[in-house]
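These are the residues of each chain, in order.
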Amino acid sequence: MRDDLVLSVRDLSVTVHSDDGPAKILDHVNLELRRGEIMGVAGESGCGKSTLIRSILGILPHGAHSVTGEIQFCGENLLSMPQRRLEREIRGAAIGFIPQDPYLALNPVFTVGDQLLEILRWHGMPGESSDRRYTRSVRARHRERIIELLDAVQVPDARNALDRYPHEFSGGQRQRLLIAGAIACQPQIILADEPTTALDVTTQLQILKLLKELAARFDVSMLLVTHDFGVIGQLSDRVTIMYAGQTAEYGPTGEIINDPRHPYTQMLIRCHPDRSDELIGIPGQVPVPVSPPSGCRFHPRCPAALDICSAARPPLLYGEADRQAVACVLYSEIVS
Amino acid sequence: MPKVLVELQDVSTTFKPRRKLFQDKLPPIRAVERVSLTLMEGEILGVIGESGCGKSTLARTILGLQTETAGQIVLDGNIVSGLPARHSRKARRDIQYVHQDPGAALDPWWRVGASLDESLKVGGVADPVERAERIDRMLNAVGLNAGFRSRYPHELSGGQQRRIGLARILGLHPRIVILDEPTSGLDLSVQATVLRLIRDLRNQFGLTYLFISHDLSVVKRMCDRIAIMYLGRIVEVGSAEQIFTNPRHPYTQALLNAAPRLRPGQLEEIEALAGDPPNPARKPSGCAFHTRCPYADERCSQIEPELREVRTGQQAACIRLEAIAQQTARTPELLPEIAR
Amino acid sequence: MLILRRFLRDVPAVIGALIVLTLVIVAIFAPYIAPRLAEAFDSNLMMRLKPPSADYPFGTDGLGRDILSRVILGTRPALAASLIVVLGAMVIGIPLGLIAGYRDGWVSETIMRVTDVFLAVPQLVLALAMAQILSGGIWSAILALALTYWPFFTRTVYSETRRVRSALFIDALESLGASRLRILTLHVMPNVAAPVIVRATAGMGFTILTLAVLGFLGVGAAPPDPDWGLTIAESRQYLPQSWWYATFPGLAIFIVVLGFSFLGDGLRDLVDPRLRRSR
C-alpha cells in the first residue's frame, strides 16, 4: 500500500445468498482513498454503493453472505480483523460514519449528550486507552470534548444542546450532531451515505459546506456516496462511478463531469438539470444482482453498445498515471 | 385567453394544537396564511418550499381534506368553500391528489388491480366492466401492461409505483391533479422519465397540475409558473422564466443558490443561508424570513410585507425589493449564479 | 410459501401446531376415540380409584369412571367453551377497538377508559364475581369470561388501528373520498388481523386454563360433566394416594395450554413487523 493511501479496496466481492440464488452485489470492486481527499461514489440505487460502505464498516446485512478480496486500512486488512477489534478501534473510531436519515439515526429516548458520550466512552478519547475506568473526571473531560465538537459542527448553544432530546432539533441540526459523532474519535476516514438526501436544499448547502470545511480542518478523508452529481461536483476531489456492483469509471471530479468517458457516466451526467432543460433519463433499469447481463452489465441500456459488449466483461483501462480508469471497450486506446 | 380554473382568495388554514390537561392554551399554528393563487387551465404551477413551509397543508386545503379557516376557494367559477366537511371533498371531485410515496399509498395487502378498481368504485363508477376498461386504459396510458394488476405494491420499483399512483387517479377523470413531490426518492435517471410521463399525460388528458416540490431544479423543467412559499406564505410568484432568471425575493435567490450545481469546486463561493427555518408554531414577527435574510433591517421585523407586482406576472413580498435590486446591481456576485 | 417455510423452522411453533391439531381432531371424534364411552359417565363403585392399568391407562376416579375416556371427552367442552369465549370477546372487542382507534374525541376516550378499567381488574376475579352474579354453571362461566376478555382485543385492535390509520394508503383512500365504513372493514381490518389472530390463539389456551380454574372453584361446569378443572377439584380429597386422579386431567390442561401458547408465540414471530420487513 502506498504511503498516501488511507484506504485501499481490492477486488472486493460480496455475494448474498438469497432465496432466488446467489446475488453478487459487489463484483471485484477496486477503490483507493488518498489522505485528505474526498472521494465521491456515484450510481443509481441498486448499484451497490451502500453495500460498499457497509463492507468497509463490516456491517453487512444479516443473512448468508460471503466476502472476498481485501480492504486495506492503515496497513491492515479489515476483512480479516477480529470483530472485537473492529468494534473497539475501527467502526465509529478510526472510521466514522454519517448515515443517510438524521431522523432515524438518533435514539429518541436518550439525550443528545448521552448518545455522543457513549461514543467516547466506548472508544475512548483520542490518545487515551479505551479500557480505563469511567470515572467522573473522565466523563467531564469527555463532555468538554463533545462541546468542542458541537462548536466545530456549528450547533448553536452547544453546552445546553447536550441535555436536549433529538426531537428538539431540526433535521439539519441532527445531521450536525451525527457529524459530530462521526468525528468524535478523530477518524482517518469518514464514510457518508447520502448525507444530504433527506434535507432541504438550503440545509443541504450548509451541511455540504460544513463537511468540506471539517475535512480540511481535521485532515480526514471522506468517502461520499450519493446519486446526485451536483453534490459530488461541489464536494469531492475524485469520483468513482459504480454500475450493477462494478466499477464503471473513476477519475478527478472535474474531468469526469466535463469529459465523462463511460456511456453510463455520460448519461448520468446528462440527467442533471444543469446539463439540459430537456427531461432526459436512462431507459431501462439497473439489473437485479441475481441475474446480471453477460459481458458489460450496462450493455442492454447502452446506446453505444457493440456486439462484443455482451460477450466479455470489459477490464478497467487505466489512463495516464492511474489518474483515470474506465471499463468500456470504446476506450481501448487510452491504455498506457 | 386561458381561463382561471382554481382561484384561492386569501386562504388561511390554521391548526389548533391539542391542549393537554392543565396545559396553557397554545397559540394556533397558521400553516397556510392568506394565500392567493390562481391556477389557469392547462398550466403547471409549481409550489416550492422547504419542509414545514405549509405546501402540503395547502394541497390538502385545496383538496378539501383540510378546512380553510379563512378566505375562499373558487373552482371553475363555483365557490367550494364553507361547505360541511363531508361535502367539501365531494364538491372538489375534479381535483385529485397523487401522494409523495404512491407505493405506501396502496394497501399492502391488496393487489394493484384491486386497489385501482376500488378507487374507481369509490369514485362512483358502478359498472364493473367499465371499471375494468378504464383500468386497462389508464395502465396503458402510464406505460404499464395489464400484468401489473396482479402485482403487490412492494413488488413495484419506485418508478412503477409513481406510474400506478398516476393511473389510480387518472381513471377518475380529474381536471386538476395535485402532485406532491412526485420525484422525491427517485434517482435522477428515473426522475426524468417520470416527469416526462407527467407532462405527456397533461397533453393527452388536458390536465392542469399543481406541482409541489422542494427541488427547484425539478420544477425548472416542468412548470409554467412557480410560487415560492416560506412559513405558510407565498413570498414570490411568477413565470418559471422570471423566477429563474430574475428572482427578486431574497429567499428565492437563496433557494436558487443552494441547488447543487454541476460545477466542481464552487462550494466556498456560495453563500449559505444561516440557520434553520423557524418553527411554524413560533413565527417571527413582521416578515417571517427576516431572521435569516441577509438584507433584513429593523423594519423587516415590524412590517408584514404584502405581495407586490414587480413586473407583469411576477410578484414578490418584500419591503426592501428596491434596495436589494440596487445592491445586487452593484455587486452581482450576490445574485444566484444562474441569474447573473 | 416463504411464510410456511419460516414457520416450519420454528420448532416450538410446530409442536404447538401439532398439539392444537391433535386437540381438534380428538375433540371432533371424542365419542369414537374414547375407549370406554359407557364407563365415562356411569358410576361403578366396584371399580373406584383403580390405579392406571392396561384396562384403564389413566386409572379410574372416585365413582369408578374411566379417567382416560373422561379426559378425551373433556376436550369437547374445553375447546367449545374457549372458542365461544374468544369469539364472543372478539365480536365485542374488535369493533370497539376499530372505532376507538380510528376516531378521536370523546367516543374514543370513553371506550378506552372503560377498557382500561376492565384491564386493571384481574380477569379471574372479575369472572368469578360475574359468574356468581349470573346463575352459575358452564354458560355463565363462558359469558363471564367473554365479558372480561374483550378488552384485550380492544387494546390490540386500538393500537394497531392507530398505527394503520396514519399509513399513507388510508390517507389516499380518504383523499379519494372513500367512506369510513369501507376504510375500516376493507382496509383497516385485514391490516390489524394478524395480531388479533395471535392474541386469539394465545387467548384460547388462557381461556381453557381459566375455565378449568372456574370449574375447580365450582362456578363453572357441574358434575357429571367430564370437565378437566372439575375433575381436579373432585380429586382433591383422594390426594395424594390416588395421584392419577388429578394428574392426567392436569396434564391435559398443561399440554393444551402449552400448545396454544407455543402456537401463539410462533404466529407472533411470523407477523412481527420487524421480521416481516426483512423478507
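These figures come from a predicted structure and were not determined experimentally. (Residues numbered from 1 in each chain as written. Chains lettered and ligands numbered in written order. Predicted model: local features only at pLDDT ≥ 70, side-chain atom pairs only at ≥ 80, totals over all residues. Heavy atoms only, no water.)

Asker: Describe the overall build of chain A, listing the residues and the values that go with them.
Answerer: Secondary structure summary: chain A contains 10 helices and 12 strands in total. Relative to the compact-globule value of 20 Å for 336 residues, chain A shows a C-alpha radius of gyration of 21 Å, a close match. Projected onto the principal axes, the alpha-carbon positions of chain A cover approximately 70 × 45 × 40 Å. A total of 336 residues make up chain A; the buried ones form 56% of that total. Put simply, 64% of the contacts in chain A that link residues at least 6 apart link residues at least 24 apart. Considering chain A, the positive charge centre built from 34 side chains and the negative charge centre built from 41 side chains are found 6 Å apart. (Helix = DSSP H or I, 4+ residues; strand = E, 2+ residues; numbered from the N terminus. Rg over C-alpha atoms; globule rule 2.2 N^0.38 Å. Buried < 20%, exposed > 50% of the residue type's maximum accessible area, 1.4 Å probe, protein only. Contact = heavy atoms within 4.5 Å. Lys, Arg positive; Asp, Glu negative; His and termini not counted. Charge placed at Lys NZ, Arg CZ, Asp CG, Glu CD.)

Asker: Before we move on, could you go through the overall build of chain C and cite the residues and values that matter?
Answerer: Counting its secondary structure elements, chain C contains 12 helices and 0 strands. Listing every helix and strand of chain C by position from the N terminus yields α-α-α-α-α-α-α-α-α-α-α-α. In terms of overall dimensions, chain C has a C-alpha envelope of 75 × 45 × 30 Å along the principal axes. In chain C, which comprises 279 residues, the proportion classed as buried is 48%. Put simply, of all contacts in chain C between residues at least 6 apart along the chain, 71% involve residues at least 24 apart. Here chain C displays about 13400 Å² of accessible surface, and carbon together with sulfur accounts for 70% of that area. Here chain C carries 24 positive and 18 negative side-chain charges, and the mean point of each set is 7 Å from the other. (Areas by Shrake-Rupley, 256 points an atom, 1.4 Å probe, with all protein chains shown as cover.)

Asker: An account of the interface of chain B and chain A is needed here, citing residue identities and associated values.
Answerer: Each side of the interface is counted separately: chain B has 37 residues, and chain A has 40 residues. Taken together, both faces of the contact between chain B and chain A bury some 3600 Å²; the carbon and sulfur share is 54%. Summed over the shared surface of chain B and chain A, the number is 1 salt bridge. Between Asp274(A) and Arg261(B) there is a salt bridge whose closest N-O contact spans 3.1 Å. (Buried area = accessible area lost by both parts, 1.4 Å probe. Salt bridge = Lys/Arg side-chain N within 4 Å of Asp/Glu carboxyl O.)

Asker: Outline the side chain of Thr57(B), supporting the account with residue identities and numerical values.
Answerer: Assignment of secondary structure puts Thr57(B) in helix α1 (residues 55-63). When residues no more than four places from it in sequence are discounted, the contact partners of Thr57(B) are Thr13(B), Phe15(B), Ala31(B), Val32(B) and Gln66(B).

Asker: An account of the sheet that holds strand β4 (residues 70-75) of chain B is needed here, citing residue identities and associated values.
Answerer: Residues and elements named next belong to chain B. The strand order across the open sheet formed by 4 strands is β2-β1-β4-β5, and the pairing between neighbours is antiparallel. The open sheet terminates on both sides in strands that have one partner only, identified here as β2 (29-40) and β5 (78-79). The pairing of strand β1 (residues 4-15) with β2 spans 8 bridges and is antiparallel. Residue pairing across strands places Leu-8 opposite Leu-37, the latter belonging to β2. Packed on one face of the sheet, α1 meets β1, β2 and β4 and runs near 115° to β1. (Pairing = 2+ DSSP bridges. Axes fitted to C-alpha atoms, helices over the stretch in contact; angles between N-to-C directions.)

Asker: Can you explain the pairing of strand β6 (residues 95-98) of chain B? Please cite residues and give values.
Answerer: All names here are of chain B. Where burial is concerned, the two faces of β6 agree: the one with Ile-95 and Tyr-97 and the one with Gln-96 and Val-98 are both buried. Bridge count for β6 against strand β7 (residues 176-180) is 4 bridges, and the pairing is parallel. From the neighbouring strand, Tyr-97 faces β7, where its bridge partner is Ile-178.

Asker: Account for the pattern of salt bridges, naming residues and giving values.
Answerer: One pass over the structure, following the stated rule, counts 46 salt bridges over all chains. For Arg301(A), the salt bridge goes to Glu44(A), with nearest N and O atoms at 3.0 Å. On the criterion of sequence distance, the pair formed by Arg301(A) in the loop between α10 (263-270) and β11 (317-318) and Glu44(A) in the loop between β3 (38-42) and α1 (49-57) is long-range, its members being 257 residues apart. Judged by its relative accessible area of 7%, Arg301(A) is buried. Among the ionic pairs, Asp116(C) bridges to Arg113(C), the shortest N-O distance being 3.3 Å.

Asker: Describe the sheet that holds strand β4 (residues 65-73) of chain A, listing the residues and the values that go with them.
Answerer: Residues and elements named next belong to chain A. The strand order across the open sheet formed by 4 strands is β2-β1-β4-β5, and the pairing between neighbours is antiparallel. Both edges of this open sheet fall to β2 (21-34) and β5 (76-77), since each of them pairs with a single strand only. Pairing geometry for strand β1 (residues 5-18) and β4, over 8 bridges, is antiparallel. Among the inter-strand pairings, Val-14 is bridged to a residue of β4, identified as Val-67.

Asker: Summarise the packing of aromatic side chains; cite the residues concerned and give the values.
Answerer: Centre-to-centre distance and the angle between the planes together describe a pair of aromatic rings. Residues and elements named next belong to chain B. Applying the stated rule across the entire model yields 15 aromatic pairs over all chains. With a centroid separation of 5.2 Å and 65° between ring planes, the pair formed by Tyr-251 and Phe-289 is classed as edge-to-face. Of this pair, Tyr-251 sits in helix α9 (residues 250-258) while Phe-289 is found in the loop between α9 and β11 (308-311), placing the two residues 38 residues apart along the sequence. Phe-289 matches Tyr-251 in its accessibility class, with the two residues each being buried. (Phe/Tyr/Trp six-rings, centres within 6.5 Å; stacked < 30°, edge-to-face > 60°.)

Asker: Explain the environment of Ala288(B) residue by residue, including any values.
Answerer: Inspection of the secondary structure puts Ala288(B) in the loop between α9 and β11. In contact with Ala288(B), other than residues within four places in its own chain, are Tyr230(B), Leu231(B) and Pro278(B).

Asker: Break down a positive patch on the surface for me, citing the residues and quoting the values.
Answerer: Together, Arg86(B), Lys90(B), Arg93(B), Arg103(C) and Arg180(C) make up a region of like positive charge exposed at the surface. Within the secondary structure, Arg86(B) is located in helix α2 (residues 85-91). (Patch = residues over 30% accessible without salt bridge, like charges linked within 9 Å, V, L, I, M, F, W, Y side chains within 5 Å.)

Asker: An account of the packing of helix α3 (residues 112-122) of chain B against helix α9 (residues 180-216) of chain C is needed here, citing residue identities and associated values.
Answerer: Here α3(B) crosses α9(C) at 170°, and the two axes come no closer than 13 Å. If you check the angle between α3(B) and α9(C), you find them roughly antiparallel. Mapping the contact onto sequence places Glu118(B), Lys121(B) and Val122(B) in α3(B) and Arg182(C), Leu186(C) and His187(C) in α9(C). Per-class residue counts for the contact of α3(B) with α9(C) are 2 nonpolar, 1 polar and 3 charged. (Parallel < 35°, antiparallel > 145°, perpendicular 65-115°, else oblique. Nonpolar A, V, L, I, M, F, W, Y, C, P; charged D, E, K, R; others polar.)

Asker: I'd love a proper account of the side chain of Glu44(A), names of residues and values included.
Answerer: With relative accessibility at 4%, the residue Glu44(A) sits in the buried group. Among the polar contacts made by the side chain of Glu44(A), one reaches the side chain of Tyr264(A) at a distance of 2.8 Å. Every residue in contact with Glu44(A), bar those within four places of it in the chain, is listed here: Lys49(A), Tyr243(A), Tyr264(A), Leu268(A), Ile282(A), Val286(A), Arg301(A), Asp187(B) and Ser189(B). (Polar contact = N/O pair within 3.5 Å; in protein donor to acceptor, adjacent residues only side chain to side chain.)

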